[in-house]
Every structure is written in structure tokens, then in C-alpha cells.
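Below, each chain spelled out in residue letters.
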Amino acid sequence: MGRKRDSVPTAAASLLRWLRRLPTKLKVLLGVSAMVVALIVLRMTLKTELGKLSIASELSHAVGIIVLIYKLKTQKTCSGLSLKTQELTAMFVATRFICSFYMGHNTHTALDFVTLASTLWVIYMIRFKLKSTYIEEQDNFSMYYVVIPCAVLSAVVHPEISYFRIGQYLFAFSGYLESVSVLPQLRVMQNAKMIEPFTGHYVFALGVARFLSLAYWIIQIYNTRGAYFFLIGSGYFWILAAILGELLQSFILADFCYYYIRSYIRAQLIMAIPA
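Residues numbered from 1 in each chain as written. Predicted model: local features only at pLDDT ≥ 70, side-chain atom pairs only at ≥ 80, totals over all residues. Heavy atoms only, no water.

Caption draft 1: Molecular detail of the environment of serine 213. If you trace the backbone, serine 213 turns up in helix 9 (residues 197–223). Here serine 213 falls in the buried class, since its relative accessible area comes to 12%. Discounting chain neighbours no more than four positions away, the residues touching serine 213 are Ser57 and Glu246. (Helix = DSSP H or I, 4+ residues; strand = E, 2+ residues; numbered from the N terminus. Buried < 20%, exposed > 50% of the residue type's maximum accessible area, 1.4 Å probe, protein only. Contact = heavy atoms within 4.5 Å.)

Caption draft 2: View of the packing of aromatic side chains. Throughout the structure, instances matching the rule amount to five aromatic pairs. Between tyrosine 124 and phenylalanine 128 the ring centres are 5.5 Å apart and the planes differ by 40 degrees, which places this aromatic pair in the tilted class. A residue pair is termed a helical-turn pair when its members lie 3 or 4 positions apart in one helix, as tyrosine 124 and phenylalanine 128 do in helix 5 (residues 107–129) at four residues. Residue classification places tyrosine 124 among the partly exposed positions, given a relative accessible area of 38%. Classification of phenylalanine 128 as exposed rests on a relative accessible area of 57%. Summarising the aromatic geometry, the rings of phenylalanine 141 and tyrosine 145 are spaced 6.5 Å apart at their centres and angled 85 degrees between planes, so their arrangement reads as edge-to-face. Overall, the relative accessible area of 62% leaves tyrosine 145 in the exposed class. (Phe/Tyr/Trp six-rings, centres within 6.5 Å; stacked < 30°, edge-to-face > 60°.)

See the structure below:
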């Protein structure tokens, strides 16, 4: 029995060493292949219940926020966190929450409310209760670089929905802003040159959320053989822009998620080595 247990970390260590020796291009190819396999499994599992992917995406985001709340409550510090990412998150979730009152109440509305309330609590803790531990110098990404372009783009490319016109702009704005809201947090990590565990868990949860959201769009396009682009009147450019936004954030988070998983496996291997 002991040999079988020991063989698990040994095999994992060998696999990790093999992956580290691979060329970067081959690693990217393996990563893309893994994503394709995951998409196929999701499509075969969910079939016509693709709405569950959107709910799972928002749940993953909510779990990430809960991780931050746990960090703030137990460690009494907000070091390593970006206040600007939390403010951008509150901005796009609040905008989407407002739109839901005109587009229909559903599960997404409830999840948005929970996420918004949790994010506002995190912002309150960073700004007031734990202000002394907030390192403002590291959180130096200008929000204007993302808010203004998203606002302009939403005025140009937005869905042609049958609700009040400003709702079209707000819905598009929330989608665009969500795709780039994590940038300040990544800048903090770069400036700090280290990633605290709970912050890493939070960003990884965002990466999972983005993959699930992107999977929803890709599977919808496949199921309709591309006709999904034209389902919302003249919304072709909006859907294309939305998918590009999902791809952008997925690309931004993919590198982090790769190193997060690798470091997690390494940590587990170290713990498995007998003292």
C-alpha cells in the first residue's frame, strides 16, 4: 500500500518535470488542446442547458469574492489586493444589475446582487477598516485607461435589444469593463513581485469564471453553425465584440492560471515528501 501511495507524487513530479522541459510553443499547444477537450466535455454534458455555464461563471466569481472576504476577516490585511479592480468590479456588476430590472429578473440578478454586496464590503474594508495595510503605490494602474475606452466602445458597438436605448449602452459597457477589470490586480502582483495565497485563489477563480463564460459563447456558435451571430438583429458586431472581450480576459488570465496550477502541484508534492 505504501508503495502505491508513494508512486502518485512520484508520477506527478515526473509529469511536472516533463512539462517544464517542453518548449513554450508545445506548452501552448497542450493548453489549447486541454481547453478544446474541456469544451467538448461541457457540450456533451450540458447539451441544451448552456445557461448553466453562465450561472457557473458568476458563481465562480462569487467564490473568488468570498475568498477575499475570508482573507480580510482572518488576516486583517488587504496587502496584495487592488482596490481599483474591486471598484471596477463594483462598477460593471452594478451596471449589469440595473440592466436586469429592464431585461427580466432571474438567477443572474440574484447572483449579481450577492457579488455586488460582497464587493462593496471588500471596498469598504480596504478604504476604511484596513486602510493602513493597503499599499497604494503598488495599485498604480489608471482606471481611466479602461473606463473611457469601454464607454466609447459601448456607444459604438452594443446589442440591439428591445429595451430602452440607454440600457443597450449600459449592458455593453458592463461586458466590456468586465473583460479588463482584472488588469489593476495583475499590475499589483507585478509590482509586489509576489502573489499572496488568497489573492492567487481569487484571481484563479476569475480565470475559471472567464473560461466558463467563453465556453458558453463558443458552444452557442458551434451549435448554431455560426448563425448565432445574427440572432439579435444587427447585433453581429456586438456579439463579436463580446466574444473578443472574453478572449482578451481569458488570454490575460491564462498565463497566471498556468503558473498557479504549477505552483499548487509543486506545493502538494513537497507536502507529500516524508520528513
